[in-house]
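Architecture at a glance
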Amino acid sequence: MSAYAGDRTTGFASPAADAIEGPIDLSEVLDLRRPSRYPVRVRGATFAARGILDGDVLIADTSGQQVSGQLVIACAAGQVLLAELQARRGHWWLVSGDDSREPIRVDPAQDVDIWATVTGVVREKP
């Protein structure tokens, strides 16, 4: 028995035939060819309420515009962390996804910097 190739169909043509697309290149979709974008693996479930789970891969962009409410990858006192960026009282703050720590004010003089904004999430099949 030969494999079905889809090119010798009898009867009516499928109305969905126009919707068939080729393979999806995640590198292209996520724009990973840009030198400012790179993948980062999540460890922990701080942002599970926002759909980001332990083991997910975040797409980080070091040239991204910072906007209140978006997720960022930051460094605070030498520790890399995922946080929600919020504008409060004229300053940027890093807020935990599960209220496990107090908000941290972004201040390079205090060794608290934003490294990248999160532009996408990829979940590998378990």
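This structure is a prediction, so every number in the text was calculated from the model and none was measured. (Residues numbered from 1 in each chain as written. Predicted model: local features only at pLDDT ≥ 70, side-chain atom pairs only at ≥ 80, totals over all residues. Heavy atoms only, no water.)

Considerations on the pairing of strand β7 (residues 112-122)
Sheet topology note: the strand β2 (residues 57-61)/β7 ladder contains 5 bridges and is antiparallel. Across the sheet, residue alanine 60 finds its bridge partner in β7, namely valine 118. Two strands pair when backbone bridges link them, and strand β3 (residues 71-76) and β7 are joined in this way by 5 bridges, in the antiparallel orientation. By the bridge assignment for β7, cysteine 75 is matched with aspartate 113. (Pairing = 2+ DSSP bridges. Helix = DSSP H or I, 4+ residues; strand = E, 2+ residues; numbered from the N terminus.)

Observations regarding the pattern of salt bridges
Inspection of every chain in the model, using the stated rule, returns 7 salt bridges. A salt bridge links arginine 34 to aspartate 61; the shortest N-O distance between them is 3.7 Å. Here aspartate 61 lies in strand β2 and arginine 34 lies in the loop between α1 (26-29) and β1 (37-41), a separation of 27 residues in the sequence. The class of arginine 34 is partly exposed, set by a relative accessible area of 33%. Across the pair arginine 41 and glutamate 124 runs a salt bridge whose closest N-O atoms are separated by 2.8 Å. You can see arginine 41 sitting in strand β1 and its partner glutamate 124 sitting in the segment after β7, a full 83 residues away along the chain. When its relative accessible area of 41% is taken as the criterion, arginine 41 is described as partly exposed. Taking the relative accessible area as the measure of exposure, glutamate 124 reaches 48% and is therefore partly exposed. (Salt bridge = Lys/Arg side-chain N within 4 Å of Asp/Glu carboxyl O. Buried < 20%, exposed > 50% of the residue type's maximum accessible area, 1.4 Å probe, protein only.)

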